[in-house]
Structures are given as C-alpha cells and as structure tokens.
Amino acid sequence: MVDALHLIGGGLVVAGTLLTLLGGVGVLRFPDVYTRIHAASLTDTGGATLVLLGLALISGLTLETLKLGFVWMFVMLTTPAAANALANAAFSAGHTPRIGAFQITKGVAAGEAGPDTPRRETSDGNKSAAP
Amino acid sequence: MSEIALQVNFALNIALLLMLIAVGVAIARMRSLLAAILLMGVYSLVSAVWLIVMDAADVAFTEAVVGAGISTIVLLGAILLVRAGPVRHNWRMTIAPAVLVLGVGGLLVYAMTGLPEFGDPASPANAYVGRNYLIQTPDEIGVPNVVTAVLASYRGFDTLGETVVVFAAGIGVALMLGFGPRSSLPPLPAAMGDHHVVLRVTARLLIPLIALFAFYVQFHGDLGAGGGFQAGVILAVAPILHALVFGLHETIAALPVRAVRSIATLGVLLFAGVGVICMINGGGFLDYDHLFPPGVEAIIPPGLLGDPDHAHQWGQHFGIFFIELGVLLTVAATMVTIFYGFAGRAVEEP
Amino acid sequence: MLLAAGIAGLVVAMTMMIWRAIVGPSQYDRMLAANSFGTKIVLLIAVIGYLSGRPAFLDIAIVYALINFVTTIAFMKFFRYRTLSRSLGPEARNG
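None of these values were measured; they are calculated from a predicted model.

Glancing now at the overall build of chain C. A tally of regular secondary structure across chain C gives three helices and zero strands. Secondary structure elements in chain C, listed N-terminal to C-terminal, are α-α-α. Taking 2.2 N^0.38 as the reference for a compact globule, 95 residues should give roughly 12 Å; the C-alpha atoms of chain C span a radius of gyration of 17 Å, well beyond that estimate. Dimensions of chain C, computed from the C-alpha atoms along their principal axes, are close to 55 × 30 × 25 Å. Per-residue burial for chain C yields a buried fraction of 74% across its 95 residues. Sequence-distant contacts in chain C: of pairs separated by 6 or more residues, those separated by 24 or more amount to 44%.

Okay, the overall build of chain B next. In terms of regular secondary structure, chain B is built from 14 helices and zero strands. Starting at the N terminus, the α and β elements of chain B follow one another as α-α-α-α-α-α-α-α-α-α-α-α-α-α. Expressed as a percentage of its 350 residues, the buried residues of chain B come to 39%. Contacts in chain B between residues far apart in sequence, at least 24 positions, make up 71% of those at least 6 positions apart.

A separate point is the packing of helix α2 (residues 27–51) of chain C against helix α3 (residues 58–81) of chain C. All names here are of chain C. Where α2 contacts α3, the two axes come as close as 9 Å, and the packing angle between them is 175°. As summarised for this structure, α2 and α3 are arranged roughly antiparallel, according to the angle between their axes. Of α3, the residues touching α2 (which contributes Gln-27, Met-31, Asn-35, Gly-38, Thr-39, Ile-41, Val-42, Ile-45, Ala-46 and Gly-49) are Leu-58, Ile-60, Ala-61, Tyr-64, Ala-65, Asn-68, Thr-72, Phe-75, Met-76 and Phe-79. The class makeup of the residues in the contact of α2 with α3 is 13 nonpolar, seven polar and no charged.

A few words on the interface of chain C and chain A. At the interface, 39 residues of chain C touch 39 residues of chain A. Elements with a minimum of two residues in the side of chain C that touches chain A: α1 (2–23), α2 and α3 of chain C. For the side of chain C that touches chain A, the per-class residue count stands at 27 nonpolar, eight polar and four charged.

We now examine the interface of chain C and chain B. Residue-level contacts link 50 residues of chain C with 66 residues of chain B. At the level of elements, α1, α2 and α3 of chain C are the ones that each hand at least two residues to the side of chain C that touches chain B. Counting residues per element, the side of chain C that touches chain B draws most heavily on α3 of chain C, which supplies 17 residues. Taken together, the residues of the side of chain C that touches chain B sort by class into 34 nonpolar, ten polar and six charged.

A few words on the nonpolar core. Counting 161 residues, the largest nonpolar core has Val-71 of chain A together with Val-47 of chain C as the members making the most contacts within it. Contact partners of Val-71 of chain A, with chain neighbours within four places excluded, come to Leu-52 of chain A together with Val-42, Ala-46, Leu-58, Ala-61, Ile-62 and Ala-65 of chain C.

A separate point is unusual backbone geometry. All names here are of chain B. Unusually for a residue other than glycine, Asp-55 sits at a positive phi of about 70°. Look at Asp-55 and you get partly exposed, because 14 C-beta atoms sit within 10 Å. Its identity as a non-glycine residue notwithstanding, Leu-286 has a phi of 60°, on the positive side. Following the sequence through the fold, Leu-286 ends up in the loop between α12 (257–280) and α13 (294–299).

Okay, the environment of Thr-71 of chain C next. Residues and elements named next belong to chain C. By secondary structure assignment, the location of Thr-71 is in helix α3. The class for Thr-71 is buried, based on 27 C-beta atoms found within 10 Å. The sequence separation of Thr-71 and Asn-35 amounts to 36 residues, and the corresponding C-alpha distance is 8.3 Å.

So, about the environment of Ser-262 of chain B. With respect to the helices and strands, Ser-262 of chain B occurs in helix α12. Between the C-alpha atoms of Ser-262 of chain B and Ala-333 of chain B, which are 71 residues apart in sequence, the distance is 8.4 Å.

A separate point is helix α9 (residues 197–220) of chain B. Its 24 residues place the ends of α9 of chain B 35 Å apart at the C-alpha level, agreeing with the 34 Å of an ideal helix rising 1.5 Å per residue. In the structure, α9 of chain B departs most strongly from a straight axis at Leu-206 of chain B, where the bend amounts to approximately 25° and where the proline Pro-208 of chain B lies between one and four residues downstream. Those residues of α9 of chain B not exposed but buried are Leu-199, Thr-202, Ala-203, Leu-206, Ile-210, Phe-213, Ala-214, Val-217 and Gln-218 of chain B. For α9 of chain B, the elements touching its buried residues are α3 (63–92) of chain A, α10 (228–246) and α14 (314–343) of chain B together with α3 of chain C.

All names here are of chain B. Per the domain assignment, the segments of chain B are domain 1 (1–115) and domain 2 (143–350). Counting residues at the interface gives 14 residues for domain 1, matched by 18 residues for domain 2. Within the side of domain 1 that touches domain 2, the residues separate by chemical class into ten nonpolar, three polar and one charged.

We now examine the packing of helix α7 (residues 146–154) of chain B against α14 of chain B. All names here are of chain B. Packing of α7 against α14 brings their axes to within 10 Å, and their N-to-C directions diverge by 85°. The pairing of α7 with α14 is recorded here as roughly perpendicular in orientation. Each of Thr-148, Ala-152 and Ser-153 in α7 lies in contact with α14, whose residues at this interface are Gln-316, Gly-319, Ile-320, Ile-323 and Glu-324. Within the contact of α7 with α14, the residues separate by chemical class into three nonpolar, four polar and one charged.

For the rest of this paragraph, the subject is the confidence of the model for chain C. All names here are of chain C. Averaged over chain C, the pLDDT score is 86; the fraction of residues at 70 or greater is 93%. Looking across chain C, the model is least confident in α3, with a mean pLDDT of 91, and most confident in α2, with 93. Overall, residues 91–95 carries pLDDT values under 50, and its contacts beyond four positions in sequence, including any with other chains, amount to eight contacts. Predicted complex, confidence summary: ipTM 0.91, pTM 0.87.

Residue and element names in this part refer to chain B. Tracing the backbone shows Phe-339 in helix α14. Classification of Phe-339 by C-beta neighbours within 10 Å gives buried; the count is 28. Separated by 262 residues in sequence, Phe-339 and Gly-77 have C-alpha atoms that sit 7.4 Å apart. In this structure, Phe-339 is in contact with Ile-73, Val-74, Gly-77, Ile-240 and Ala-243, ignoring residues within four places of it in sequence.

How each quantity is defined
- Residues numbered from 1 in each chain as written.
- Chains lettered and ligands numbered in written order.
- Predicted model: local features only at pLDDT ≥ 70, side-chain atom pairs only at ≥ 80, totals over all residues.
- Helix = DSSP H or I, 4+ residues; strand = E, 2+ residues; numbered from the N terminus.
- Rg over C-alpha atoms; globule rule 2.2 N^0.38 Å.
- Buried ≥ 20, exposed ≤ 12 C-beta atoms within 10 Å, placed from the backbone.
- Contact = placed C-beta atoms within 7 Å.
- Axes fitted to C-alpha atoms, helices over the stretch in contact; angles between N-to-C directions.
- Parallel < 35°, antiparallel > 145°, perpendicular 65-115°, else oblique.
- Nonpolar A, V, L, I, M, F, W, Y, C, P; charged D, E, K, R; others polar.
- Core = buried A, V, L, I, M, F, W, Y, C linked by C-beta atoms within 7 Å.
- Expected span 1.5 Å × (residues − 1).
- Bend = angle between axes of the 7 residues up to and from the residue.
- Domains from an automatic or database assignment.
- pLDDT = per-residue confidence, 0-100.

Below, the structure is given as structure tokens:
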C-alpha cells in the first residue's frame, strides 16, 4: 500500500514537472510577452499543484504535509497575482500585444479600426470599416 | 534510494555549476542594469540550491532570503539614485585585471586540490573542534540544532560582532542617505488608473503571513534551519512589501523612522546586555551558564521544558533565546532603515 | 527514481527560464522569467528535500515562495514607475 502511494506520488511529481517543462517551452517559443505570461503562470501554478500533491502522497500525513500545504497556498496566491501585475504594468506602459504577424497598435487597442476589421455598408452607400 | 540520491547530487552539482557559469557570464555582459540585478538574484538562488545539495540548510536559508530577496530590493533602490548609461570601455584596459584574476583563480583552483574529501570525518575541521561540538552540545546546551548552538553559544562573541557589523552598516547608510524621506518633500501622488486591485488584496493577505512566518523561523531556529538573522531579514520584507504596494508614506506612518532606529539599537543592547548580565553574575562575557543567579535557577520548575534531566541548561536556553531576539530586532530594523534611506530619496519626475 | 526524473525536468525548465531572462527583448520578459524561475526553484527545493530524506528544507521553500513575489513587485514597480515609494493607489473612476 505504501509502495503504491509512493508510485502514484512519484507519477504526479513527474506529471507536474512535465507541465512545467511545457510551460518553459511556451515561454521560449511564444511571440509576445503577454502570451508568455500566460504560458509561464498557468503552467507554474498547475505544475506546482501536481508536484506538491505528489510529494504529499509520498510523505504521508505528517507535519511536512502541512508545510507542503503552505507552500501550495503561497504559490497559488502569489503566482497569478504577480502575472496580473506584470501584464498590467506592461499594458499600461504601452507595450502592445502582437497576434501572429500583426502588431496591434495603441489606436486599435483603444477601439479604432485595424486592417482586420470587417467592412460594412453605411447608409450613404460608402463602404467603411466598422470600429 | 541513497545510491540514486548520490548520483542525482552529482548530476545536480554539474548542472548547477553550468548554470552558475552561464548566469555569471551573462551578468558581466548585460547592458541593462535592471537585467543585471535580476540575474544576480537568479545567481543567488542557484547558489542556495547548491548549498542545499551540499546539505547546509542554515546557509542555504540565509542565501535565499538575503541574496535573492533583500539584496535585490536594496540594489534596485541603489540604482534609482544613479544616473547611469552604457559606458564604452577600451578592451586594452581589461588585460591587466584579466591576467590578475586568472592568476589568482588558478592558484585557488590549485589549492583546492589539496582540500580533504567533502564530509571526511578525519579532516582537521571535522576531527577536533567540530567533533567536540557535536559530542558536547546535547550535554552542555541541549539545543537540537548544532548550528544554532555553535552560533549562539560556543561562538556567541562572533555573532555579537556580526550583529554590530549589520548595525554599523545601517548607520553608515543612514548617515550617507538620511534616515528616511526628507520631511520637506511631499509624497508622490498615487498611481491612478492602473487597476492594482489584485495586488493590493494579495499584499494585504501576505504581509501578516510574512511577519508570522518570520517569527516561526525565529523560534524554530533551535530545532530546524533558521535563527535570528534569517528571521530578521524575513521580518523586514513585510514592511517593504507594504511600502511597495501602499506607498512609503503609509509605511512610515505605521513604522516611524525614529522607532525603527531605536529598535535596531535595542537589539544590540539586548545582545550585549545578556553578556554583561552573565559577567555580573560571576561568569565570563556571554557565558550563559551564569545568566541566572543560583537563587533564580533553583525556583524554575525543572519540568518546564518537559525534561528534568536538563534543568541545568536553563541559562543556555534563555541566553540563546534572548540573543536571537536581539539579532532579530537589529537585523530587521537595519534592513528597514536601509530601505527607508534608499526608497525615500526623491527621484526624477515620472 | 521518479523524483530524479522530476528534478531533471525542473532543471531543464530552469535553464529555459535563464535563457529567456538573458535574451528576452523587453524588460517585462526578463521579470517574468525571473518570477517563473523562482517558482521552479521552490519546487526544486521541495523535491530535493524529499529525495535526500530531509523534508526540513521545506521551510526554505515556503520562505522563497513569499520573497519571490515581493521581488517581482519591486522590479515591476521600479521599471514601470522609476520609484519605490509611490503608492499603487485605488484605480481612478472611469479610467
């Protein structure tokens, strides 16, 4: 029974590490800081949950499991908040997102028309871009 | 299982060393000061993991909190006061320093080959005084963490010196930069329109938790990794977080500059005072066995700590408790004073 | 055994973060990389502690999970506002 728990715990740790690794690949390959923030914070939090759960299974019900719970709580509190703060700071500083090959400018972010917005007929017969 | 642990340790040592080299080279070549400070924090973290791999828990603790935490924040405050741009330098000026560094480094590496095996019980460091500490600590001091016993009792005078050095560093920074914001300058206006709700809520949750954890580390230092220095630095992080999120003005309203200064002095006084009390009661300076006069020791109930055999170690236990408290007060207050000094300077208009 | 594989994976992920911290074209990339590196270090400390049979290292993991956040906030505040003393006040009404 204990060995099965150890095995499952170890498997969860490996799964968590794999998730973290995927996040790392994402941070390397994504084109823009906002998408990288997504990749890093999501996979960090999820990977941390899996790893800490796996370690808790390995350690059984001891004081260390309580400490693992604290680590989990602090990671859950701080990683998304830090990601939010970073994205907030980046956007309010004027760092505009980039989708594919298209760099969104400040004007499009504020609501003007960009090259991708669909065009529609207006009442006076002129085709114009809808914001 | 330990066989795998040994192989993992070896592989980790190599991987961490490579990371350290890469980060070190990057720090030297980085053009942006902010990125350099960031990488220095990363360097400290990798060093902390390396110390953990070498099974040095207290040192790793201190490296993680001081090197990657406080030192990064204080360095940020420092480069705020610097108007620096990239500097072109002549590569010819680096030849002589490079030769010197390589020469000294080569000598050090050569000397390292003469060091004893890691963890060798017969090495001079481990065979004489080290072994005596390990053998005699349960009898003489009764504290499970031998590092704390050595730091606080056997080498208590050195720890007093370290505390005074930290205090002197705080005084030095305060004399150069002032103790806090100049009272004539108004506080900077709040950063409006940026929607920092998440940050403020999280900070309100975390500040008391950080302070509580600092006290846990302080009192747990007798049993596990921890102690006064680490706890003091962690305790200083709580007001720093408060100042970062809610503004320095608010933090100074809560923790006035004079109070923080006084707390730093109180810590050193407490530490030295314990030593003087020991002298008054007939022992040497910081000789905790003489902390209590025999009359007082007789009235402490022997079962207070649950172990009547060790009742003769009351002096040691209380002595270590009080000096760790002194270290906590001084280190925390000094770090906060240094932060006040750096962050309180008015900088260029945003 | 499985824990050793976990450690290897974490070390590789940490190397990726170091790369992003060195290369990242904007400072926000670097701050993100440092924050993520910190979280991975917390996990690495926890797993190493269990592998070497000394769960007492968890205290270091808890502490660093807290300090990582504070350092990230300090960097963000420094870079965005060029000061460490201003309050991140309540948001303005209607932007």
